[in-house]
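The chain contents come next:
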Amino acid sequence: MYTQGLDQAGGKPQRRDALESAEQLAAFQARIDADEKIEAKDWMPEAYRRTLVRQISQHAHSEIIGMQPEGNWLTRAPTLRRKAILLAKVQDEAGHGLYLYGAAETLGTSREQMVQDLLDGKAKYSSIFNYPTLTWADIGAIGWLVDGAAIMNQIPLCRCSFGPYARAMVRVCKEESFHQRQGYDIMLTLARGNATQKAMAQDALNRWWWPSLMMFGPNDADSPHSAQSMQWKIKRFSNDELRQKFVDATVPQAGFLGLTMPDDKLAYDDESGHYRFGEINWQEFYDVLAGNGPCNRERMATRRKAHADGAWVREAASVYAEKQAARNAA
Ligand code: BYC
């Protein structure tokens, strides 16, 4: 649990928030309103710090767990070229996780603590990674749709008010855009292939479309954190705004592939200039968040095993660091 925000007062734990003055809070909001970047050592409200640790660490966990569905296809990629590309992509996701843990650590929570929160089931990761990758076309659909949704959400995060997060996102977004193109390239190859290949691409689109829309989070009216995060300019667009942008950008791409969106309510609305789409199955979303998606247990079991298997590496690295420090001191 994040404890840095707690003080002992009269023997009772008291949130530091209670000690924040109206002047401090107003001065902080004025900096945000003036589009100044907040840096790690600057004064910030404890609730702002907690929100960032929550969001950035969950984002980092998503990158790390997100390696699993695609890693599943590394040994079965159809060509050497596809395998090399997929390997590079999966390694990029590990890198994103590391930049993000680094950005979150500047807020005073250790990586060990954040990882422990994930392993203990206290911290979330993106719902999307609890779905299985059944065919090679799923790798195309993940790149096209999941990375496409991720970019839509992450480009505005490059302008997030917290400097270390915003700067980490610049590089992440560049890499995500390559990931999205490689996914679309797989889909294009399959869509232009024989009837079986085209059917595989359509099937992957059918299964990944709705979970991709869920990546943006609950509708604005049901999103407890949005209003405050928008006021602090952590979020620059609401969940529904980003979801709509994603739908508007992606529907024509499906048309170019000659694939059909699995939504009979999808229609272009001339008046608003947007695609209208059907109702998301929010029950499914909350079931996945509660740990009951198709692959939640498998994903966490794999992560716990990887963490346990890596214990000797962490131990060796810290003993080596201690030896170096002792040698330098001598
Ligand atoms: N899945 O008030 P809300 C990637 C949670 S990785 C799970 O709207 P907020 C990639 C939310 O955390 C993609 N949980 O929250 C990697 C909150 O729960 P807590 C990950 C979700 O934070 C490898 C509660 O629901 N991207 O790109 O204002 C390969 C209420 O929601 C989800 C990021 O993490 C979900 N889909 O907005 C390929 C981006 N949605 O914390 C690709 C950074 C909501 O109170 N994060 N929840 O227990 C964000 O932009 C925001 O945190 C969200 C949610 C838009 C996700």
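Before reading on, note that the structure itself is shown above.
Everything numeric here is computed off the predicted structure, so don't read it as measured data.

A rise of 1.5 Å per residue sets the reference length of helix 10 (residues 239–257), with its 19 residues, at 27 Å; its end C-alpha atoms lie 27 Å apart and thus fit the reference within 8%. Within the span of helix 10, buried status applies to Asn239, Leu242, Arg243, Gln244, Phe246, Val247, Asp248, Thr250, Val251, Ala254 and Leu257. Elements that come into contact with the buried residues of helix 10 comprise helix 6 (136–154), helix 7 (163–191), helix 8 (195–214), helix 9 (226–231), strand 4 (274–276) and helix 11 (282–292). Positive backbone phi, approximately 80°, marks Gly258, located one or two places after helix 10.

What follows concerns the side chain of Asp248. Examined against the element boundaries, Asp248 turns out to sit in helix 10. In this structure Asp248 is buried but unpaired, with Arg276 as the nearest side chain of opposite charge at 7.0 Å. Of note is the side chain of Asp248, whose polar atom sits 2.9 Å from the backbone nitrogen of Tyr275. In this view, Asp248 contacts Gly273, His274 and Tyr275; residues no more than four positions away in its chain are not counted.

Next up on the list: the site of the ligand. In the vicinity of the ligand, 32 residues are found, and the nearest of them are Lys124, Ser127, Ser223, His225 and Lys235. Contact distances for the ligand include 2.4 Å between an oxygen atom and a side-chain N or O atom of Lys124. Within the contact set of the ligand, an oxygen atom lies 2.9 Å away from a side-chain nitrogen or oxygen of Asn239. A total of 1,000 Å² of accessible area belongs to the ligand in isolation, and the protein chains cover 90% of it. Going through the elements one at a time, helix 2 (46–65), helix 6, helix 7 and helix 11 are the ones with two or more residues in the shell around the ligand. If one sorts the elements of the shell around the ligand by residue count, helix 2 sits on top with six residues.

Time to look at the nonpolar core. Within the largest apolar cluster, 49 residues are counted, with the highest numbers of intra-cluster contacts made by Trp136, Trp144, Leu145, Trp208, Trp209 and Leu257. Elements supplying a minimum of two residues to this core: helix 4 (80–105), helix 6, helix 7, helix 8, helix 10 and helix 11. For this core, the element with the most residues is helix 6, which contributes nine residues. When near neighbours in sequence (up to four residues on either side) are disregarded, Trp144 contacts Gln180, Gly183, Tyr184, Met187, Leu205, Thr250, Gln253, Ala254 and Leu257.

For the rest of this paragraph, the subject is the side chain of Glu70. Inspection of the secondary structure puts Glu70 in helix 3 (residues 67–71). Glu70 gets classed as buried once you look at its relative accessible area, which sits at 2%. When near neighbours in sequence (up to four residues on either side) are disregarded, Glu70 contacts Leu86, Lys89, Val90, Glu93, Ile139 and Ile142.

What follows covers the environment of Leu145. Topologically, Leu145 is positioned in helix 6. With relative accessibility at 0%, the residue Leu145 sits in the buried group. Along the chain, Leu145 and Thr250 lie 105 residues apart, while their C-alpha atoms are 7.9 Å from each other. Apart from residues lying up to four places away in sequence, Leu145 is in contact with Leu205, Trp208, Trp209, Ser212, Phe246 and Thr250.

We now examine the packing of aromatic side chains. By the definition in use, this model includes eleven aromatic pairs. Measuring from centroid to centroid gives 5.5 Å for Phe216 and Phe246, while their planes differ by 45°, and the two rings are tilted. Of the two residues, Phe216 is situated in the loop between helix 8 and helix 9 and Phe246 in helix 10; the sequence distance between them amounts to 30 residues. For the pair formed by Phe216 and Phe246, the shared burial category is buried. Summarising the aromatic geometry, the rings of Trp282 and Phe285 are spaced 5.3 Å apart at their centres and angled 90° between planes, so their arrangement reads as edge-to-face. You can see Trp282 and its partner Phe285 sitting in helix 11, three residues apart, about one turn around the helix.

Per the stated rule, a full pass over the model turns up 18 salt bridges. Asp35 is the partner of Lys233 in a salt bridge, and the nearest nitrogen-oxygen pair spans 3.2 Å. Remark: Asp35 occurs in the loop between helix 1 (22–33) and helix 2 and Lys233 occurs in the loop between helix 9 and helix 10; sequence separation between them is 198 residues. The exposure class assigned to Lys233 is buried, which follows from its relative accessible area of 18%. Here Asp147 ties to Lys89 by a salt bridge, and the two come within 2.9 Å at their closest N and O atoms.

Conventions used here
Residues numbered from 1 in each chain as written. Predicted model: local features only at pLDDT ≥ 70, side-chain atom pairs only at ≥ 80, totals over all residues. Heavy atoms only, no water. Helix = DSSP H or I, 4+ residues; strand = E, 2+ residues; numbered from the N terminus. Expected span 1.5 Å × (residues − 1). Buried < 20%, exposed > 50% of the residue type's maximum accessible area, 1.4 Å probe, protein only. Contact = heavy atoms within 4.5 Å. Lys, Arg positive; Asp, Glu negative; His and termini not counted. Salt bridge = Lys/Arg side-chain N within 4 Å of Asp/Glu carboxyl O. Polar contact = N/O pair within 3.5 Å; in protein donor to acceptor, adjacent residues only side chain to side chain. Near = heavy atom within 4 Å. Areas by Shrake-Rupley, 256 points an atom, 1.4 Å probe, with all protein chains shown as cover. Core = buried A, V, L, I, M, F, W, Y, C linked by side-chain atoms within 4.5 Å. Phe/Tyr/Trp six-rings, centres within 6.5 Å; stacked < 30°, edge-to-face > 60°.

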